[in-house]
Structure formats: C-alpha cells, structure tokens
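Report on the structure
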Amino acid sequence: QLSDTTQEILFLLFCLIIGCLAGVGALAFRALIEVGQWFLWPHGFNFLQKVVAAPWWWKLLLPTLAGLIIGPVVVYLAPQIRGPGVPEVIEAAALREGYIAPRVTILKPLATALVISAGGSVGREGPVVHIGSALGSNLAQLLRLNPERTRISLACGAAAGIAATFTAPFAGTMFAVEIILADLQVAYLSHIVLASVAATVISRHYIGDFPTVTVPPFAFTHPGELGLYLILGGLAGLVSLLFIRGVFATDTLMTKLPGPAWLKPAAGGLLLGLVGILSPHALGVGYDTINLMLAGKIVLTASLLILVTKYLATVACLGSGMSGGVFAP
C-alpha cells in the first residue's frame, strides 16, 4: 500500500504524461489535416490558394463525399463525435464522472480531419480539446482511478490540447478550470498547469513559436475610436446570437427532412460546396482569410460577402451533424 504522498507524486507524473500525449496528439491531428489538404487539393501554397485553384465541380463534390463518409460513422458508430466536442467534454466531466468512450479517441480526429481536409467550415480547436480529454479519460479508466481523479485527468487532457494548439499554457489551464471543471480546485491546479506546460513544450519544439493570428502594428490615436469598438462589440454579439440560432435551426430542419439520418451530413456538404463556389474564403478553418483581413488585403465589400458566406457554410456543416469546432469560423 503506497502512502498518500507517494500516490500524489505518482498522479502528478501521470498528469505530466497526459500532457505529453495530448501535445503529441494535437500535433498528429494537425499533421493529418495538412496531409489531407495536400492530397485532396494539390495546387497552391496554402489552403486558400488551393481552393481558388480548384475547379467548381471539385468544390461541390469533395464536401459532399466527405459528408457521405462521415454520416454513417456519426449515426451508427459514435454519435459523440458530431459537432465541436467541447460540450461533450463538459457533459462527461459534470455528469459521467469523466468517462469518455475509448472509440472517441480514434474516431474524433479521423472524422474531423476528413471534414476539414475536404473544405469543411469548422475549426480544429474544439476537436483537439475532445481528443486530449479522451486521452486523459481513457488512461484514467485503464488504471482504474477514482471518479475525482478521472475528471482531473480529463481536464488535464483538455488543457493540454488548448495549450498545444495555441502554444499558450496559461490559456489551456484557465480553459480547463473555468470551462471544463467550472470551478477552481486548488488541490489539482498544479496538475493541470504541468500538463499544459508539457504540451506547450512539445508543440513549440516541433512547430515553433509562431502566432496563429498575425496582428500588424497599430496605434490608439483618438478617444473617439472607442465608440467604434463599442459598435463593433454590439454587432459581434448580435452575429453570435444569429450564429447559434442558425446552427440549431439547421439541425432541426435537417432532422425533419425525409430520408435516412446518415445522409444529412452529405446534404450539409452539398450546401457547403455551393457556398464555396460563390466564395472560396468560406471553405476551411479560416485562418488564412483572417490574416489577410488583418493585413488589410481584403476590401470592405469582400469582407461583407465573407461574413455571409462563412456564416452559411459553418451553419451548414454543424447543423447537418459534421464533426468540427466553432472557434476559428
């Protein structure tokens, strides 16, 4: 029988291992997406250029085929993998004592990587949280840890996933504490911090310390600018409400449509393809477009078109049951 101190030290090391594995998992997931995009969209330097260079029928066909593949997986094998993944992690932490089915660890990254590679207008951050959480939960189940430590293992995986994605250990820690656990458990804060730091070290070692979003230099020159930021905040809040309602309305509409449930993601892929023909910026995660906007390389009228088409594309993907996140879109 090990002493309490020895058990705490071993659990701390266990959380460190979760952080390392989650960091590797985040990198593997990112690499899987890059390989998929390289294979499915062969022409161009970055994803946006690849989409622009592709013929219109390919933009229509590829998301539809991805939906046909994803549909049966979501309906028959693992319904938990649809959508962003973060709500499922919160539910597991709050209601299921940190339990996540082992098959989610495998199917979530594969399904989401396929959707994003095919041009799906979804993010990779939420799925990375789900992948890291599933790793922590599955390892805790393997070692038959008690429910409390299983929840902490899940939170460590979630924190490590965010930290590895953005190379930001503090952001990963706060995300796990405030969003996943919804309370500050001081006794286990060091475990979550350790997992986040471990994932960040691995991420920075392999992909470097590069920001996801490149913000150019700017200066605050007049107090009147604050009024514009106030208006911007209000408009962003309204668009957020429209987005949430649009996703749920599309989900309800897809449920009421005739035909088998496994065909609904293909219908979403078809709608996505139609929008992508109108605006290539609507396809994919969206970071290329965000950086172009920040650099001042997209005019106002084009940005308004992107606002509408990106909204429609993301609503079509998430409302039809595809696997992917919402943060970047």
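Anyway, here's the lowdown on the structure attached to this text.

A few words now on the overall build of the chain. A count of helices and strands for the chain gives 13 helices and zero strands. Start at the N end of the chain and walk to the C end: the helices and strands fall as α-α-α-α-α-α-α-α-α-α-α-α-α. Computed over the C-alpha atoms, the radius of gyration of the chain is 20 Å, within 12% of the 20 Å expected from 2.2 N^0.38 for a compact globule of 329 residues. Seen through its C-alpha atoms, the chain measures out along the principal axes to roughly 65 × 60 × 35 Å. Looking at the chain as a whole, 47% of its 329 residues qualify as buried. Restricting the contact set of the chain to residue pairs at least 6 apart, pairs at least 24 apart contribute 78%.

Attention shifts here to helix α6 (residues 125-142). Helix length check: α6 (18 residues) gives 26 Å between terminal C-alpha atoms against 26 Å at 1.5 Å per residue, within 8%. R144 lies just past α6 and shows a positive phi near 55°.

Bringing helix α11 (residues 264-278) into the picture now. Its 15 residues give α11 an end-to-end C-alpha distance of 22 Å, which sits within 8% of 21 Å, the value for a rise of 1.5 Å per residue. Along α11, the residues classified as buried are K264, P265, A266, G268, G269, L272, G273, V275 and G276.

Another point: unusual backbone geometry. Although it is not a glycine, R144 sits at a positive phi angle of roughly 55°. Secondary-structure assignment places R144 in the loop between α6 and α7 (147-166). Using a relative accessible area of 77% as the deciding quantity, one classes R144 as exposed. Of note in the backbone geometry, T167 takes a positive phi value of approximately 45° without being a glycine. Owing to a relative accessible area of 8%, T167 belongs among the buried residues under this scheme.

At a minimum axis distance of 7 Å, the contact between α6 and α7 shows a crossing angle of 145°. By crossing handedness, the relation of α6 to α7 is classed as right-handed. For the pair α6 and α7, contact is made by E125, V128, V129, G132, S133, G136, S137 and A140 and by T150, S153, L154, G157, A158, G161, I162, T165 and F166, respectively. When its residues are assigned to classes, the contact of α6 with α7 shows seven nonpolar, nine polar and one charged.

A contiguous nonpolar patch, built from W56, W57, L61, L65, L68, L263, L270, L271, L274 and I277 and spanning about 890 Å² of accessible area, is present on the exposed surface. Going through the elements one at a time, α3 (56-77) and α11 are the ones with two or more residues in the nonpolar patch. Here the element with the most residues in the nonpolar patch is α3; it accounts for five residues. Among the structural elements, L270 can be located in helix α11. Judged by its relative accessible area of 39%, L270 falls in the partly exposed class.

With that settled, consider the side chain of R149. Tracing the sequence through the fold places R149 in helix α7. Excluding residues that lie within four positions of it along the chain, R149 makes contacts with Q7, E8, F11 and Y188.

Our focus in this paragraph is the pattern of salt bridges. Overall, the coordinates contain four salt bridges when judged by the stated rule. The salt bridge partner of R30 is E34, with a shortest N-O separation of 3.9 Å. One end of the pair is R30 and the other is E34, both in helix α1 (residues 4-40) and four residues apart, which spans about a single turn. A salt bridge links E91 to R96, with the shortest nitrogen-to-oxygen separation between them at 3.4 Å. Assessed through its relative accessible area of 38%, E91 is described here as partly exposed.

So, how was this worked out
- Residues numbered from 1 in each chain as written.
- Predicted model: local features only at pLDDT ≥ 70, side-chain atom pairs only at ≥ 80, totals over all residues.
- Heavy atoms only, no water.
- Helix = DSSP H or I, 4+ residues; strand = E, 2+ residues; numbered from the N terminus.
- Rg over C-alpha atoms; globule rule 2.2 N^0.38 Å.
- Buried < 20%, exposed > 50% of the residue type's maximum accessible area, 1.4 Å probe, protein only.
- Contact = heavy atoms within 4.5 Å.
- Expected span 1.5 Å × (residues − 1).
- Axes fitted to C-alpha atoms, helices over the stretch in contact; angles between N-to-C directions.
- Left-handed = near helix turned anticlockwise from the far one by under 90°.
- Nonpolar A, V, L, I, M, F, W, Y, C, P; charged D, E, K, R; others polar.
- Patch = residues over 30% accessible without salt bridge, like charges linked within 9 Å, V, L, I, M, F, W, Y side chains within 5 Å.
- Areas by Shrake-Rupley, 256 points an atom, 1.4 Å probe, with all protein chains shown as cover.
- Salt bridge = Lys/Arg side-chain N within 4 Å of Asp/Glu carboxyl O.

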